[in-house]
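Next come the chains, spelled out residue by residue.
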Amino acid sequence: MRINKQLNTSTQSTSEKILSAIFMSVGEGILLVDEEFEIVKANQRACEIYGLLEQNLIGADIRSLMDASGSQVLEKYFGGLIEGQRMSAEIDCLYVDGKTFPATVTVTRSDFDGKRYWPMIVRDNTDQKTLEKQLRQEKQQTEEMNLTLKTVMKSIEQDRKDFESRVASKIKTSLLPSLKKIDKAPDAGVRKSYLALLEEQLFSLSAGFENQLDAGLLKLTRTEIEVCRLIQAGCSSKDICDAMRLSFETIQTHRKNIRKKLALNGKKLNLHAYLMNRVL
Amino acid sequence: MWDEDFDIIVIGSGFAGLSAALEARKRGLSVVVLEKMHVPGGNSSISGGLVAAAGSPLQAKEKVKDSPELMLADMLDAGHDYNFPELARIVAEKSTDALLWTIEELGVKYKPRLIHLGGHSVPRTYNTVNTSGSGIIKPMLTKCREVDIPIRLRVFVSQLIADESGDMEGVEVHEDYIFPNRESGTLKRIRAKRAVILAAGGFSQDKKFRALQNPMLTEDIESTNHRGATAESLVMALKAGATPVQLSMIQLGPWASRDEEGFGVGSMFSMLAGFPYGILIDLNTGTRFVNEQSDRKLLVDAMLSSGLESIAIVDQKGVLHASTLQQCLKRGVVKQFDTIEELAFANQAPLVPLLETIKAYNSFIENGRDDEFGKPIPKDLCPIKHPPFYSIRLISKVHHCMGGIQINERAQVIRIDTQQPIGRFYAAGEIAGGIHGASRLGSAAITECIVFGRIAGRNAAGESPRP
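Residues numbered from 1 in each chain as written. Chains lettered and ligands numbered in written order. Predicted model: local features only at pLDDT ≥ 70, side-chain atom pairs only at ≥ 80, totals over all residues. Heavy atoms only, no water.

1. Considering the overall build of chain A
Phase 1: Scanning chain A from N- to C-terminus turns up eleven helices and six strands.
Phase 2: Against the globule reference of 19 Å for 280 residues, chain A gives a C-alpha radius of gyration of 46 Å, more extended than a compact globule.
Phase 3: Structurally, chain A occupies a C-alpha span of about 135 × 50 × 35 Å along its principal axes.
Phase 4: Within chain A, the fraction of its 280 residues that count as buried is 30%.
Phase 5: Within chain A, residue pairs in contact and separated by at least 24 positions form 43% of the contacts whose partners lie at least 6 positions apart.
Phase 6: In chain A, 42 side chains carry a positive charge and 38 a negative one; their mean positions are 15 Å apart. (Helix = DSSP H or I, 4+ residues; strand = E, 2+ residues; numbered from the N terminus. Rg over C-alpha atoms; globule rule 2.2 N^0.38 Å. Buried < 20%, exposed > 50% of the residue type's maximum accessible area, 1.4 Å probe, protein only. Contact = heavy atoms within 4.5 Å. Lys, Arg positive; Asp, Glu negative; His and termini not counted. Charge placed at Lys NZ, Arg CZ, Asp CG, Glu CD.)

Right, here's the structure in full:
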């Protein structure tokens with residue numbers, strides 16, 4: 001087997017080679033399309049964008065690489081562009097496996113050798129679109145969060161108003177009339193029973209507070225409260241004697257009375273523990 | 001140690017690789033396809049899209065009597081009996097099965113008529129409607145997308161990694177590889193829990209390697225292949241212990257055009273019209289020199305034997321079979337003439353012998369027998385007399401590597417020292433050697449890629465998973 005030499009047609013000049021090297025390595029897809037919508041030249045990036053070898057891109061109808069509406073846009077450009085004019089549009093293109101992807105195509109017109117050609121620059125917008133989508137999602141999430149916060153604030157405000165109006169109406173409808181009745185009461189017995197009622201009403205007003213008023217604590221005398229505070233602070237009876245300049249026996253009596261008023265008699269609970277979480 | 005893992009790793013995204021990947025994925029396994037180039041499909045996507053099948057529906061419709069035995073006989077004839085017959089037999093027997101798979105599973109569209117290619121006893125070749133392998137590759141890629149098979153582009157496999165027992169366990173790759181820079185990309189190791197399938201194609205564009213196998217294939221001989229058809233995967237497999245077979249069996253295509261690069265649009269013009277419905281002329285003598293419907297090797301040998309420059313000529317009737325005619329005319333690959341005189345003048349062919357040759361050829365057709373070279377004369381073959389006339393200037397280009405690594409009937413790669421299969425290692429497609437012998441019968445390659453690709457995919461999927 002003998003093999004004849006190939007006719008070598010590498011007569012490219014250096015400038016042509018440089019131009020061709022630039023064309024092939026440019027980071028955007030470049031296609032040259034002729035009057036029959038046929039691709040006559042394509043660079044490597046264009047091959048990558050469409051997933052086709054140069055051999056398959058060349059000769060292909062440019063419209064086979066995009067969806068119907070993209071083709072329409074292109075046909076309009078091809079029909080309408082005058083030489084040198086440039087137009088661009090966002091269209092959906094087709095990858096070799098049939099997947100569509102968003103792309104920006106920029107079309108110009110260039111006439112040579114008595115024919116019209118349309119150089120096209122194609123940019124794959126998939127990454128950009130993904131970023132844009134992410135950004136939109138994040139923005140939406142922030143807006144939703146804002147809305148939720150606003151709603152929460154509103155309901156807190158409403159609760160406060162409700163509470164205020166409840167207290168105001170209680171004062172108006174129950175407390176003030178009770179005071180008037182006390183003022184006008186003929187004897188101590190009646191006054192006492194009105195006072196008891198008033199006390200009841202004040203407690204009920206405090207219902208639902210975080211630190212509900214403790215009926216027992218309210219019964220304590222000033223001295224007893226003083227003793228309680230010292231117990232709360234962790235003082236022993238001896239310490240309290242010193243602090244209040246009272247005898248040990250007096251303090252013990254106070255303690256006994258306090259337990260009685262707080263209804264702790266007979267319970268296995270020491271005063272310190274009981275007082276720990278209470279406001280005096 | 002490993003950066004990620006899959007059940008099956010497929011190397012190469014042509015017919016064989018994608019067929020294997022789809023078969024394995026069908027069994028519910030995780031599959032990845034690694035492709036070193038920037039686009040998928042490789043050589044398959046620029047081939048002519050010709051698929052041979054024995055006993056096909058179109059043969060039934062056209063009342064062509066065929067059988068796997070006859071197809072096998074044609075393959076062995078073309079291959080000068082260098083073929084591994086048990087492998088070639090599988091291709092012939094499963095040919096219609098493979099064809100139907102492309103139609104039914106992938107939705108590939110074929111032309112409604114069979115083609116009678118050179119070297120085949122009967123018409124048995126289907127052709128995609130777009131006269132290109134992309135007509136099969138695109139549906140394959142679409143299917144891969146639908147069933148979630150990732151096709152990783154620009155991932156070059158630099159090393160096959162075996163476990164302690166010698167079974168294949170994974171690959172070392174360069175991600176973001178820039179062909180052909182071997183230093184480019186980031187190193188990564190991918191584990192195959194079940195198997196590795198090598199479907200990396202041939203080496204027709206690897207001028208150094210092919211000259212090493214056949215010194216007559218010098219650098220100035222062009223190839224029909226895409227530029228990624230190089231030998232590094234083959235060398236890698238040999239390093240991993242695979243058995244090389246018939247590496248010097250490298251086929252040249254006789255039908256390519258002198259006026260364009262690569263496979264181009266001219267090759268299919270010659271195959272579909274020039275050779276079956278026209279004549280092949282030696283430009284120096286103006287005469288025929290071979291049966292135009294011979295297999296590729298005979299044609300190339302005849303074309304090269306005298307160092308002749310040749311053209312193919314068809315008339316208006318014959319050109320009807322050439323589906324790439326418009327593109328050929330547009331690119332100046334095929335030229336059109338109103339008279340044979342003009343055609344002879346433009347091609348610098350001696351007119352008188354040419355006219356005589358055509359006259360003789362036409363009389364052969366009318367008599368139903370080619371007394372000179374024995375070209376078969378089918379019913380639809382017409383004399384060359386209806387203008388306009390068309391010519392294409394031909395040159396042989398390196399087209400296919402019949403040699404490669406040895407596989408068995410299950411597509412397992414055979415180890416060179418033990419002659420036993422390498423565990424969890426399969427190969428299919430052009431990188432697998434020995435199926436076509438000394439010369440591959442036209443349109444048998446796609447069939448073979450799909451048949452053995454699917455076998456490799458199925459058997460790889462049947463491997464037990466590694467813990």
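2. Side note on the interface of chain A and chain B
Phase 1: If you look at the interface, chain A gives 25 residues, while chain B gives 34 residues.
Phase 2: Between chain A and chain B, the buried area comes to about 2,700 Å², and carbon and sulfur atoms account for 54% of it.
Phase 3: Here chain A is connected to chain B by four salt bridges.
Phase 4: The salt bridge partner of A:Glu38 is B:Lys330, with a shortest N-O separation of 3.0 Å.
Phase 5: Looking at the side of chain A that touches chain B, the elements with two or more residues in it are α2 (44-50) and α3 (54-57) of chain A.
Phase 6: Considering every element that reaches the side of chain A that touches chain B, the biggest residue donor is α2(A), with three residues. (Buried area = accessible area lost by both parts, 1.4 Å probe. Salt bridge = Lys/Arg side-chain N within 4 Å of Asp/Glu carboxyl O.)

3. Overview of the confidence of the model for chain B
Phase 1: When pLDDT is averaged along chain B, the result is 96; 100% of the residues meet or exceed 70.
Phase 2: In the model output, the complex is listed with pTM 0.80 alongside ipTM 0.91. (pLDDT = per-residue confidence, 0-100.)

4. Describing the pairing of strand β1 (residues 4-11) of chain B
Along any regular strand, the residues point their side chains to alternate faces of the sheet.
Residue and element names in this part refer to chain B.
Phase 1: Burial of β1 is extensive: seven of the eight residues sit out of reach of the surface.
Phase 2: Where β1 meets strand β8 (residues 186-198), seven bridges bridge the pair, whose relative direction is parallel. If you follow Phe6 over to β8, its bridge partner there is Ala192.
Phase 3: Here β1 pairs with strand β2 (residues 31-34) via four bridges, running parallel. In the sheet register, Ile9 faces β2, and the bridge partner there is Val32.
Phase 4: Handedness of the crossover joining β1 and β2 through helix α1 (residues 15-26) is recorded here as right-handed. (Pairing = 2+ DSSP bridges. Right-handed = clockwise from strand over helix to strand, strands pointing away.)

5. Quick look at the nonpolar core
Inside soluble globular proteins, nonpolar side chains tend to come together where they are buried.
Phase 1: A:Leu31, A:Tyr50, A:Leu57, A:Ile62, A:Met120, B:Val171 and B:Phe452 are the most contacted members of the largest nonpolar core, which has 136 residues in total.
Phase 2: With ten residues, the top contributor of residues to this core is helix α14 (residues 444-461) of chain B.
Phase 3: Excluding its chain neighbours within four sequence positions, the residues that come into contact with A:Tyr50 are A:Leu31, A:Leu57, A:Leu65, A:Cys93, A:Leu94, A:Tyr95, A:Val96, A:Phe101 and A:Val122.
Phase 4: B:Val290, B:Val314, B:Val333 and B:Val334 belong to the second-largest nonpolar core, a separate cluster that totals 31 residues. (Core = buried A, V, L, I, M, F, W, Y, C linked by side-chain atoms within 4.5 Å.)

6. Some remarks on helix α9 (residues 266-277) of chain B
What sets the pattern is the α-helix's 3.6 residues per turn: residues three or four places apart point alike.
Phase 1: Counting buried residues along α9(B), twelve of its twelve residues qualify, which places the element largely inside the surrounding structure.
Phase 2: Among all positions in α9(B), only B:Gly266, B:Ser267, B:Met268, B:Phe269, B:Ser270, B:Met271, B:Leu272, B:Ala273, B:Gly274, B:Phe275, B:Pro276 and B:Tyr277 are buried.

7. As for the packing of aromatic side chains
Phase 1: On inspection of all chains with the given rule, the structure shows eight aromatic pairs over all chains.
Phase 2: Where A:Tyr50 meets A:Phe101, the ring centres are 6.0 Å apart and the plane angle is 55°; that geometry is what we call tilted. Separated by 51 residues along the polypeptide, A:Tyr50 in helix α2 and A:Phe101 in strand β4 (residues 100-108) bring together distant segments of the chain.
Phase 3: Using a relative accessible area of 1% as the deciding quantity, one classes A:Tyr50 as buried.
Phase 4: Plain terms: the ring middles of B:Tyr110 and B:Tyr126 are 5.4 Å apart, the flat faces sit at 85° to each other, and that makes the pair edge-to-face. Taken together, the residues B:Tyr110 in the loop between α5 (95-104) and β4 (125-127) and B:Tyr126 in strand β4 connect sequence positions 16 residues apart. A single burial state applies to B:Tyr110 and to B:Tyr126, both of which are buried. (Phe/Tyr/Trp six-rings, centres within 6.5 Å; stacked < 30°, edge-to-face > 60°.)

8. Side note on the sheet that holds strand β15 (residues 389-394) of chain B
The strands that make up a sheet are held in pairs by hydrogen bonds between backbone atoms, and each pair lies either parallel or antiparallel.
All names here are of chain B.
Phase 1: As summarised here, the arrangement of the five strands in space is β12-β11-β13-β15-β14, forming an open sheet in which the pairing is antiparallel. A single partner strand is all that each edge strand has here, and the edge strands are β12 (287-288) and β14 (334-337).
Phase 2: Where β14 meets β15, four bridges bridge the pair, whose relative direction is antiparallel. Residue Gln336 lies in a different strand from β15, and its bridge partner there is Tyr390.
Phase 3: Across the sheet, α9 touches β11 (279-282), β13 (310-314), β14 and β15, and the angle it forms with β13 is around 65°. (Axes fitted to C-alpha atoms, helices over the stretch in contact; angles between N-to-C directions.)

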